[in-house]
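# An overview of the molecular structure
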Amino acid sequence: MPAGTGNSETERSETEEMAVAPGRPKRRTRQVAEAGAASASLSESRLHALAAERLAIEGVSHEIDGGRFAAKVVAGRAFTLEADIFSDGHDSIDAAIQIGSRGGAVSEHPMEFVVNDRWQVELTLPEAGMAEFTLIAWRDLFATWRKEVTKKHAAGQDISLELEEGRQLLDAALKEGRAAREEKEQLKALLKDDKGLMKPAGPDSNAARFARLGAPEVLALMRRIGPRTNLTRYKTLPLHVDREAAEFSAWYELMPRSQSGDPARHGTFDDVIARLPYVRDLGFDVLYFPPIHPIGKTNRKGRNNSLTPTEGDPGSPYAIGSPDGGHDALHPELGSFEDFKRLMDAAREHGLEIALDFAIQCSPDHPWIREHPEWFDWRPDGTIKFAENPPKKYEDIVNVHFYRGALPSLWYALRDVVLFWVRHGVRIFRVDNPHTKPFPFWEWMIAEVREVDPGVIFLAEAFTRPKVMKRLGKVGYAQSYSYFTWRNEKWELEEYLTELTTTESRHVMRPNFFVNTPDINPKYLQTGGRAGHRVRLALAATLGGNYGVYSGFEICEATPVPGKEEYLDSEKYEIRAWDMDRPGHIKDDIRLLNRLRREHPALQQFTNLTFYHAGNEQVLAYGKQAGDDFLLFHVNLDPHNVQSFQFEVPLWEFGLPDDASVEVRDLIHGNRFTWHGKSQWLEMDPETRPYAIWQLFAPGAPR
């Protein structure tokens, strides 16, 4: 470039760049320098933010999938939340939980150190609904100061300077802004007292000052209001608070149309009302109905699932929908909505809550098919696609699909069906086959319903893969059917119950141990007779917080379809009349177990289960404890043979040696006695005593 033709500032800049970075592109060098300066500024910002949060908070017990889903607790019932909290070095640290209803007031509760950097706090939340919480932790400089000065003073060292450091920490607490007026006055009085002890200076003065500044009550005060150095805050996590019935309930299932006492007459809601005293006398608190909606006639099933019904066959209640209406209508033969309201009121007076079946499927006669064809699948020939699960075929029902033209209108319609029944007083829904519907739908729908009523409970009838069942719990189901129905051996009961009560599952999946259902007549019941029914009842009622029976179980009805786990002459396809007083019934067992469940706090929880040793593979031994209430169980799993065994009395649970004695009450027969020593012997005849329930009394515990 000829001299004098360029911009002198540009030339100088380029020359400087070349001098700084010879051989590199001029403008690129400047860009890199500018980017480097910005990066350094950003890096410094990140560094300070990282350095500020010095403590580690990990392993939060109620954190589900990184906070994607809410763990479950119960309103009015204490629960323990834990986390690993620690820091570098040897400073004392402290921690707390901040918790409150979503969008509401937040309260703070101190956490306590347990062992190995594990901290915990016991909480009770008063109301059902969504809550949020976070954990905070900090370096407690006053506690560190007190710990170090205690050691120095005990070693005879001069602590004059350390006492001045203590005064500075107290003064910092005054300026912190977290102290209430009364607490500020306490600090001022403390500093004034300390000043009065400073003269004459010397060992005696130092000892007196430290006794005052380092007193336990001062430590407690400073824990509440002292500076929180390097305050570290965990992410905000959701928590769903259910009402008690989500964790503790006893269900009785019956078909309303079979309550007339005459197989030739369709039952009504008034017939069900007449049955309420019977259900309550057995001790149940939830009365559950399969679908009570109009039943279609197209492809109606006959008796024993026949494809050739007779004129009087009522059809399957799961074939929902007819010209009389769909999911928001009542089967005309059951009664009107006035009759249904009378039933709901009567149930409430008997201490029973009504649960309804929510089955998302339609008879070919359902009004939705005509009004919303876009919600259904159609074959190339223009016919509607029936439900199938090869080799099973369900010609009397069709399924909706949830996407394409059905989104969002179908989602709104199904939500509104549930809210319709909520407005009619129903707060518990057993959902049919939820694992065949989209997870996003359930997450959205359940949340929508709980915005209206946080106490609504959904039970997932999903006998499917473990991870799918667990996911349904995560998206909002309060209860879930489980594999209990098919867990009969000692080893598999112990393995499965340990999984449910000790892994993450305990925070998201509450099982409901149904012993039988209209769909499932387990082989154990088919072959176990009366003793087998008593065994499964005892296991379900004492292992599970929630359990249920389907009507007929109490009279040991187990006649199967040959070769299948199904009931012969099933009520799903015909009206039945039962003699509930026929010989061989087990109603007394049901009354006893439901009474014990109401009386004993240990039976009102699920995760307080511990398995114990019994020297016989046919005997299951386990215990449950809540405070002073300690129950020990032995169940003979063999319904055909007498079993003898040696077992261990868990004296160690009371801090007693192996040769100690413990007072025992037999909760079945009522007698009291004393077991001396850890090793005891028992014989159990399945015909007379297939299970045993003992209450153990710790020394000094109330009787």
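Just so it is clear, the structure is predicted and the values come from calculations on it, not from any experiment.

Let's shift gears to the packing of helix α4 (residues 160–176) against helix α7 (residues 216–225). Look at α4 against α7: their axes get within 10 Å of each other, and the N-to-C directions meet at 40°. Overall, the two elements α4 and α7 adopt an arrangement that is oblique. Seen from above, α4 lies across α7 with left-handed handedness. For the pair α4 and α7, contact is made by L169, L170, A173 and E176 and by V218, M222 and I225, respectively. Split into classes, the residues belonging to the contact of α4 with α7 amount to six nonpolar, no polar and one charged.

The next point concerns helix α17 (residues 587–599). An ideal rise of 1.5 Å per residue puts 18 Å on 13 residues; α17 measures up with 18 Å between its terminal C-alpha atoms. Buried-residue contacts for α17 involve β12 (249–253), α8 (269–281), α16 (523–543), β21 (546–550) and β29 (691–697).

Our focus in this paragraph is the side chain of H634. With respect to the helices and strands, the residue H634 is situated in strand β24 (residues 629–636). On the accessibility criterion, H634 (1% relative accessible area) is buried. If sequence neighbours within four positions are ignored, H634 has contacts with V619, L620, A621, F645, F647, L682, M684, P690, Y691, A692 and W694.

What follows concerns the packing of aromatic side chains. Taken as a whole and judged by the stated rule, the model has 41 aromatic pairs. Each ring, one from F420 and one from W421, has its centre 5.1 Å from the other, and the planes form 90°; the classification is edge-to-face. Each of the two residues, F420 as well as W421, counts as buried. Residues F611 and Y622 carry aromatic rings whose centres are separated by 6.3 Å and whose planes lie at 65° to one another, so their mutual orientation is edge-to-face. Taken together, the residues span a long stretch of sequence, with F611 in strand β22 (residues 609–611) and Y622 in strand β23 (residues 619–626) at a distance of 11 residues. Joined through ring pairs, the aromatic side chains of F358, F402, Y403, W411, Y412, F429, F441, W442, W444, F458 and Y477 make up one cluster. Here R536 stacks its cationic end above the ring of F484, 4.2 Å away from the centre of that ring.

We now examine the sheet that holds strand β14 (residues 353–358). Overall, parallel pairing links the eight strands, which are arranged β19-β18-β17-β14-β13-β12-β21-β20 in an open sheet. The open sheet has two free edges, formed respectively by β19 (479–480) and β20 (512–514), since each of these has just one partner strand. Pairing between strand β18 (residues 457–461) and β19: two bridges, direction parallel. What sits directly across from L459, in β19, is Q479.

The residues that UniProt annotates with the feature "binding site: alpha-maltose 1-phosphate" (unreviewed entry) are K301, Q361, D396, N433, K572 and Y573. You can see Q361 is positioned in the loop between β14 and α10 (367–371). On the secondary structure map, N433 appears in the loop between β17 (428–432) and α12 (439–452).

Here the focus is the domain arrangement of the protein chain. Segmenting the protein chain into domains produces domain 1 (56–140), domain 2 (142–225), domain 3 (250–292 + 332–358 + 415–603), domain 4 (293–329 + 361–399) and domain 5 (609–697). A C-alpha centroid distance of 55 Å is found between domain 2 and domain 5.

Turning to the environment of A531, a few remarks are in order. Within the secondary structure, A531 is located in helix α16. Sequence-distant contacts of A531, defined by excluding residues within four places in its chain, comprise P639, P686 and E687.

Now for the pairing of strand β9 (residues 129–139). Among the 11 residues in β9, nine count as buried, and that is most of the element. Taken together, the three bridges between β9 and strand β10 (residues 229–233) define a ladder with antiparallel strand orientation. The residue of β10 that forms the bridge with A137 is T232.

Residues S205, N206, R209, F210 and L213 constitute the buried set of helix α6 (residues 203–213). Projected down its long axis, α6 carries its buried residues within an arc of 130°, all on one side. Along α6, the residues that are exposed and aim more than 90 degrees away from the buried face are P203, D204 and A211. Each element contacted by the buried residues of α6 is listed here: α3 (141–154), α4, α5 (181–197) and α7.

This next bit is on the sheet that holds strand β26 (residues 661–666). Here we have six strands laid out as an open sheet, ordered β22-β23-β24-β29-β26-β27, and antiparallel in their pairing. Because the sheet does not close on itself, it has two edges, and the strands there are β22 and β27 (672–676). On average, each strand axis in the sheet is tilted by 30° relative to the strand beside it, whichever way the strands run. Pairing geometry for β22 and β23, over three bridges, is antiparallel. Bridged to F611 within β23 is Y622. On top of the sheet, α16 reaches β22, β23, β24 and β29; it is set at about 30° to β23, its chief contact.

What follows is about the pairing of β24. The element β24 is extensively covered by neighbouring structure, given that eight of its eight residues are classed as buried. Along β24, one buried face is formed by D629, L631, F633 and V635 and the opposite face, lined by F630, L632, H634 and N636, is buried too. For β23 and β24, the ladder comprises eight bridges, and the chain directions are antiparallel. Within β24, the position partnered with Q625 by the bridge is F630. Taken together, β23 and the strand that follows it, β24, pair antiparallel across an intervening segment of two residues, in which G627 is found at a positive phi of about 65°. Here β24 runs beside β29; their pairing, made up of six bridges, is antiparallel. Bridging from a neighbouring strand, H634 pairs with A692 of β29.

Conventions used here
Residues numbered from 1 in each chain as written. Predicted model: local features only at pLDDT ≥ 70, side-chain atom pairs only at ≥ 80, totals over all residues. Heavy atoms only, no water. Axes fitted to C-alpha atoms, helices over the stretch in contact; angles between N-to-C directions. Helix = DSSP H or I, 4+ residues; strand = E, 2+ residues; numbered from the N terminus. Parallel < 35°, antiparallel > 145°, perpendicular 65-115°, else oblique. Left-handed = near helix turned anticlockwise from the far one by under 90°. Contact = heavy atoms within 4.5 Å. Nonpolar A, V, L, I, M, F, W, Y, C, P; charged D, E, K, R; others polar. Expected span 1.5 Å × (residues − 1). Buried < 20%, exposed > 50% of the residue type's maximum accessible area, 1.4 Å probe, protein only. Phe/Tyr/Trp six-rings, centres within 6.5 Å; stacked < 30°, edge-to-face > 60°. Lys NZ or Arg CZ within 6 Å of the ring centre and 35° of its normal. Pairing = 2+ DSSP bridges. UniProt positions renumbered as here; feature names shortened; annotations may be inferred. Domains from an automatic or database assignment. Arc of directions from axis to C-beta.

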